[in-house]
Structure formats: C-alpha cells, structure tokens
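Secondary and tertiary structure notes
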Amino acid sequence: MSALFGHKEHLVRMAALFGVGVVAFLILQALLVPKGFGVYGHYRAGALEENRARPIAFAGRAACVECHSDVPEAAKGGRHAGIRCEACHGPLGAHAGDPTEKKAVRPDSKVLCARCHAANVARPARFPQVDPAEHSGGEACTTCHKAHNPLAPGQAGQPGLAPGQAGQPGGMETGGAK
Amino acid sequence: MNHDRRDFLARSGKLLLLTGAAQVAFEAVLRGEPESAPNYRTTDHWWAMTIDVEKCIGCGNCVRACKEENDVPREPFFFRTWVERYHVPEGDIEHPEVDSPNGGYDGFPEKYRSGDGAKSFFVPKLCNQCAHSPCVQVCPVGATFESPDGVVLVDRTYCLGCRYCVQACPYGCRFIDPRTETVDKCSLCYHRITKGLTTACCETCPTEARVLGDLKNPKDPIHEFLRTHKVQVLKPQMATGSKTYYNGLDGSVR
C-alpha cells in the first residue's frame, strides 16, 4: 500500500498538469468557437439572421396593388390575371419603398411578349404561341392586344369569351392581326 | 439647425449599415406585407417547392429574377436556378439531348423542328432543399446547414471555400462566388419567405409552374397539389430527402 501512495507528489504533478490542460482547452474553445455555434445544430445560429438580412428586390404583388389597384381590375377574368406584376415590369422593391425614387419602365412589348409567346417546340403545345415576325410583321404587340387582358383583337373586352377558347393554340391569331 | 445629434447618429448609422439600394428596400419591407417578419418562428415552417414541368414555357423569368434578387454574378455564368431544355428521341430516354444556353437567362432560341420524332420540354432546376443533404454532411466547419424550417443555407462568413460541398451536391446546385471565394447556392429566398413573401422565381413565374409551399401549414395549397398529382423528386435513389417535387417529370431527366 505504502508503495502505491509513497510518492504522492508524482500524482499531484500529473493532476496539476491535467488541470492546466483542461483549463487551456476551455479557454481556447471559448476563443475559437463562434458565438451561437451549436444552438440549433452544427452551425452558427447567427447565420440564420444574416441570411434573412439581404435586401429585397421584388416587392411582391401585394405591395404593387396597394397603389395600382386598377390593374388587377383590368386584368380580371383575362388570361394574364394570374401573372404577378413584377414578372413583366421587373424588380420594383425600390419603387415600392419610395414611389418617387425609381419609376417603373414600360417594357417593350416586342421583346417582352416574345419571351413567352414566340413559338418554340419545347413549349407546351396548348400554350398560345406565334411566330412574331409572321404574326405582326414587326408591329408592337400592344397595337392590337391589351397587355393586361390580352384576348384576341376584336374580342378584347368581351366578357362572354371563355378562358379556354382564348387559350387554344393559335387562339390569338384568329382575330386577323396580320 | 433642426438636426440633433441623436438624429444624425441614427441616420449615418443606418446609411453605414445598409447601403443605398438596401436602405430603400429595407423601407419597402417595413411598409408592405412583410411586417409579420418579427413574428416569424422557424419551428412553424417546413419549406418545399413544387415544379410543374408541363407548365414551364422556358421564358427564363425565374433565372433573371433570381440573379437580380440574390446578387448572383452574371458572368462567367453562375446560377442559383437555371432552366434546362430536354430533347428526347422517341423512346430513347437514356440519351436525351440537354442544353441550357446561359442557364436560360436569355430564353431559348428555337433549335428543333416539330415532327422530328422527338419530344422537347423545359425543366427548371434549383437547390432541392434536401432534408438529408449530402452537401451539409461533408462541410468540415459547419458553414452550410439545414435550417429548422427546412432550408439549406450557407454561412458566408464561416465558409472556407474548400469546395467539398460543390462536389457532394448530386444536383450541381452549388458554385463558388468568384468575388468572395465562398460557396453560394439557392437559399429559397430565405430573406423573402421569412417575411411573408414568396421567392423571386415564384413571384415572377408567369405560368405558376413553380410554387413555394409550406408543408407545416395545413392550409397551404401544396398539400392539395401533392395529393392530386403524380410527383417525383430528382435522383430519388440518392435518398437526399429532396423537397423539390416535380410534376410531369420525364424519365430522361437527370
């Protein structure tokens, strides 16, 4: 027994060394592990808030309609009624924040309409498509069609037209826009 | 002088914290619908997205909107979301011809003829917001993670730029931002969805081919969509727990 505890100072020295190691580890851990790490998982909790902090470019339809309530009224029942404003008019978060700051630009219908309605075999067959050059011969689409409620020319504004009829392939050509 | 010191400090502090556009947008957030922001609880949400391939017209609105909203480098061609065009010879789903000119940013110039014995369609791609993400598993420092509301996010200040996650993602959804040398990817517009807005891509999709959904909200139309459509996730064999559900997905899509 005395052989085991005869040289106590060896044990004390080892324990002290171990204690110093533990303290050094705790200090280093406190210094190196970022704040909030591990609160929700193996990541920094603050990163959630940082990801939320990015500025918003697209204001969203609700913000647009707050002032421009006439547009959804005009589009009501039409083929474009479901399309949100900024899909065509671009990001206008800055304008929603301060209407004097950034004015919306009227898009060029020849470019804008073709993005969706230029004929392309990969597009779903039931989606209304035309060959813009052949269909309008370089004329702006808005000459005949209302952008917010684009029924075929001559039919525009007629409430009786079923949405399915207007949506047939070539449905927009029947009015004789050429 | 009607400006006191407090006013001056508040103004300059705001300007320092949020630069020009950001400050204006910040005011937009304070104004509009997203005033619910402070009440957002991560445990109340579980975000997912549905993509209806049969509705996608390949207009590229989502690609442009995403780059605008999330400050994605325009060149040399990095994308948080992009659109692919598939051209599949009849019955030969093993050998589709796939192209994505500039990710669909400028639309898709017609290059096929109808009646050539093949089918063509568009497939929008983005981060699948996996519940068991391979990219999260390989990150050595915890700089990418699954948030409690089911979005895979990146901690930019903590990312080393080691590129393990770029290789680990089976869907090719990650890239290294050349300006910061840190990884970037779709965050499902976390800054928007946590403030009551939808993502920039869903906001601008004219045919509602892509729709954001909250699986923890019993009133969300996503439940109806998932019940009534035959949906599929990309690479189900990888068991990534993808939460991006495709309707009308062809077997040729990888």
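Residues numbered from 1 in each chain as written. Chains lettered and ligands numbered in written order. Predicted model: local features only at pLDDT ≥ 70, side-chain atom pairs only at ≥ 80, totals over all residues.

1. Let's talk about the overall build of chain B
- Of the regular secondary structure elements, chain B holds 8 helices and 11 strands.
- Expressed as a percentage of its 254 residues, the buried residues of chain B come to 42%.
- Across chain B, every contact between residues at least 6 apart in sequence was considered, and the portion connecting residues at least 24 apart equals 64%. (Helix = DSSP H or I, 4+ residues; strand = E, 2+ residues; numbered from the N terminus. Buried ≥ 20, exposed ≤ 12 C-beta atoms within 10 Å, placed from the backbone. Contact = placed C-beta atoms within 7 Å.)

2. As for the interface of chain A and chain B
- At the junction of the two partners, chain A supplies 41 residues and chain B supplies 49 residues.
- Here the side of chain A that touches chain B is built from residues that sort into 24 nonpolar, 8 polar and 9 charged. (Nonpolar A, V, L, I, M, F, W, Y, C, P; charged D, E, K, R; others polar.)

3. Remarks on unusual backbone geometry
Residue and element names in this part refer to chain B.
- The phi torsion at Leu-188 lies on the positive side, around 55 degrees, for a residue other than glycine.
- When you line up the elements, Leu-188 lands in the loop between strand S8 (182–184) and helix H6 (190–193).
- On the basis of neighbour counts, which here come to 30 C-beta atoms within 10 Å, the residue Leu-188 falls in the buried class.
- Backbone geometry at Glu-208 places phi at a positive 55 degrees, although glycine is not the residue there.
- Looking at the secondary structure, you find Glu-208 in the loop between helix H7 (200–204) and strand S9 (210–214).

4. Considering the sheet that holds strand S2 (residues 81–89) of chain B
Residue and element names in this part refer to chain B.
- Ordered by their spatial adjacency, 3 strands build an open sheet running S3-S2-S4, and the pairing between neighbours is antiparallel. Here the strands that pair on one side only, and so sit at the sheet edges, are strand S3 (97–99) and strand S4 (118–126). Averaged over neighbouring strand pairs, the angle between their axes works out to 20 degrees when direction is ignored.
- Bridging between S2 and S3 involves 3 bridges; their strand directions are antiparallel. Considered in S3, the bridge of His-87 is made with Glu-97. (Pairing = 2+ DSSP bridges. Axes fitted to C-alpha atoms, helices over the stretch in contact; angles between N-to-C directions.)

5. Some words on the confidence of the model for chain A
Residues and elements named next belong to chain A.
- Across chain A, the average pLDDT comes to 82, with 82% of residues at or above 70.
- When pLDDT is averaged over each element of chain A, helix H2 (residues 8–32) comes out on top at 94 and helix H10 (residues 163–166) at the bottom at 40.
- Counting contacts from residues 156–178, a segment whose pLDDT is below 50, to residues more than four positions away or on other chains yields 37 contacts. (pLDDT = per-residue confidence, 0-100.)

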